[in-house]
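# Structure at a glance
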Amino acid sequence: MLSWKGLFRMNDVPDISVRLAGLYLKNPVIMASGTSGYGEEFASFIDLNQLGGIVVKGTSVRERLGNPPGRIVETASGMLNSIGLQNVGVKRFIREKLPFLRKLDTSIIVNIVGDTVEEYQEVAMRLDEVEGISALEMNISCPNVKEGCMLFGTDPRQTYQAVKSVRKTTTLPLMVKLSPNVTDITVIAKAAADGGADILSLINSLSGMAVDINTRKPLLGNIIGGLSGPAIKPVALRMVWEVHKAELGLPLIGIGGIMTATDAIEFFMVGASAVQIGTANLIDPTASVKVAEGIRRYCVDTGIKNISELVGLLNC
Ligand SMILES: Cc1cc2nc3c(=O)[nH]c(=O)nc-3n(C[C@H](O)[C@H](O)[C@H](O)COP(=O)(O)O)c2cc1C
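Residues numbered from 1 in each chain as written. Predicted model: local features only at pLDDT ≥ 70, side-chain atom pairs only at ≥ 80, totals over all residues. Heavy atoms only, no water.

## Describing the packing of aromatic side chains
Using the criterion set out here, one finds 3 aromatic pairs in the structure. Seen from their ring centres, Y38 and F93 are 6.0 Å apart, and the 40° between their planes marks the pair as tilted. In this pair, Y38 sits in the loop between β3 (29–31) and β4 (53–59) while F93 sits in helix α2 (residues 89–101), placing the two residues 55 residues apart along the sequence. There is no split in this pair, since Y38 and F93 are both buried. Taken together, a centroid distance of 6.5 Å and an interplanar angle of 65° make the contact between F42 and F45 edge-to-face. (Phe/Tyr/Trp six-rings, centres within 6.5 Å; stacked < 30°, edge-to-face > 60°. Helix = DSSP H or I, 4+ residues; strand = E, 2+ residues; numbered from the N terminus. Buried < 20%, exposed > 50% of the residue type's maximum accessible area, 1.4 Å probe, protein only.)

## Let's talk about the site of the ligand
Around the ligand sit 23 residues, and of these S33, K177, G229, G257 and T279 come closest. Between the ligand and S33 there is a distance of 2.8 Å, counted from an oxygen atom to a backbone nitrogen or oxygen. Between an oxygen atom of the ligand and a main-chain N or O atom of G257, the distance comes to 2.7 Å. Burial of the ligand by the surrounding chains reaches 97%, relative to a free accessible area of 610 Å². Elements with a minimum of two residues in the shell around the ligand: β4 and β6 (78–81). Split into classes, the residues belonging to the shell around the ligand amount to 7 nonpolar, 14 polar and 2 charged. (Near = heavy atom within 4 Å. Polar contact = N/O pair within 3.5 Å; in protein donor to acceptor, adjacent residues only side chain to side chain. Areas by Shrake-Rupley, 256 points an atom, 1.4 Å probe, with all protein chains shown as cover. Nonpolar A, V, L, I, M, F, W, Y, C, P; charged D, E, K, R; others polar.)

## Comments concerning the nonpolar core
Here is a general trend for soluble globular proteins: nonpolar side chains tend to be buried in one another's company. F93, I112 and M138 are the most contacted members of the largest nonpolar core, which has 85 residues in total. Leave out the neighbours within four places in its chain, and M138 touches I112, Y120, A162, V163, V166, L174, M175, V176 and K177. (Core = buried A, V, L, I, M, F, W, Y, C linked by side-chain atoms within 4.5 Å. Contact = heavy atoms within 4.5 Å.)

## A closer look at the pairing of strand β7 (residues 107–112)
Remark: a regular strand shows side chains that alternate across the two faces of the sheet. Here β7 lies mainly inside the structure; 6 of its 6 residues are buried. Where burial is concerned, the two faces of β7 agree: the one with S107, I109 and N111 and the one with I108, V110 and I112 are both buried. With 4 bridges connecting them, β7 and strand β8 (residues 135–139) associate as parallel partners. Residue V110 lies in a different strand from β8, and its bridge partner there is L136. This β-α-β element, β7 to helix α3 (residues 117–128) to β8, shows right-handed connectivity. (Pairing = 2+ DSSP bridges. Right-handed = clockwise from strand over helix to strand, strands pointing away.)

This is the structure we're talking about:
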């Protein structure tokens, strides 16, 4: 039996779990796609069960080898990558990667990619048939593959069609990941909502490039890559805020340059219900767990009983 002291302490523990349209997260911190591999790569650094969720690498119908090197360039307060969606393909993902992931006590989200709507549909259908996946994240925003993908995220009609088509093929909660490489992100967000998205995640990396002045060549084999890390946080915050203000009625997941709990809390205040951590994982593999712990501590210190109290709290 609990003493009154025990009860007091229990009531004092903030609830930082999140429910987003059928997706349950034990805490609001998710490892972002492409920066956490298939989870297993991080298992010797952190207890993966402490995460709200893991978004696995962008998964396509067929295995992809990705872009030629160089694939990574460090920049001021960030990095450029042009991995080019290297991944094992959906069949091998189900056979080789999912058995490890489904044993974890955390939400598993699969980031899906395609060059055509039919390819997105095929990946979604295959993932709908297996146990252990909590949600899909549709990547309509990859800045560093030449064909397909990016187009779906920069044209509202294509966004609407692609999301609507995938919506029909899956019973899983459908998250749509938005590109920052647009003039008005709320137009694309609305198209995704109209197409049947359950959740919006934003942002993917910003298109960028880097030059070697000695060889006079681009540093990335693909010439153009995606900028991520602290350099993009102000842009990401602004975009989450704009989509929040558009009142589309969908929960938002904030992504972009989050390194600390303070960064994450800024995203909650501009309207995100959860966050994803990307580049920070590559600098400190324990970053996501530290951010979750820091959020919990902030709630205790400031008397927040439920993490939802922070969402959209910005005073302006
Ligand atoms: C090396 C690398 C690979 C990535 N691969 C993917 C991917 O496969 N699919 C995807 O949707 N986003 C991918 N991203 C984008 C991240 O998930 C995230 O949206 C972006 O990096 C911004 O967050 P950050 O500043 O915290 O890194 C990748 C990012 C990096 C750095």
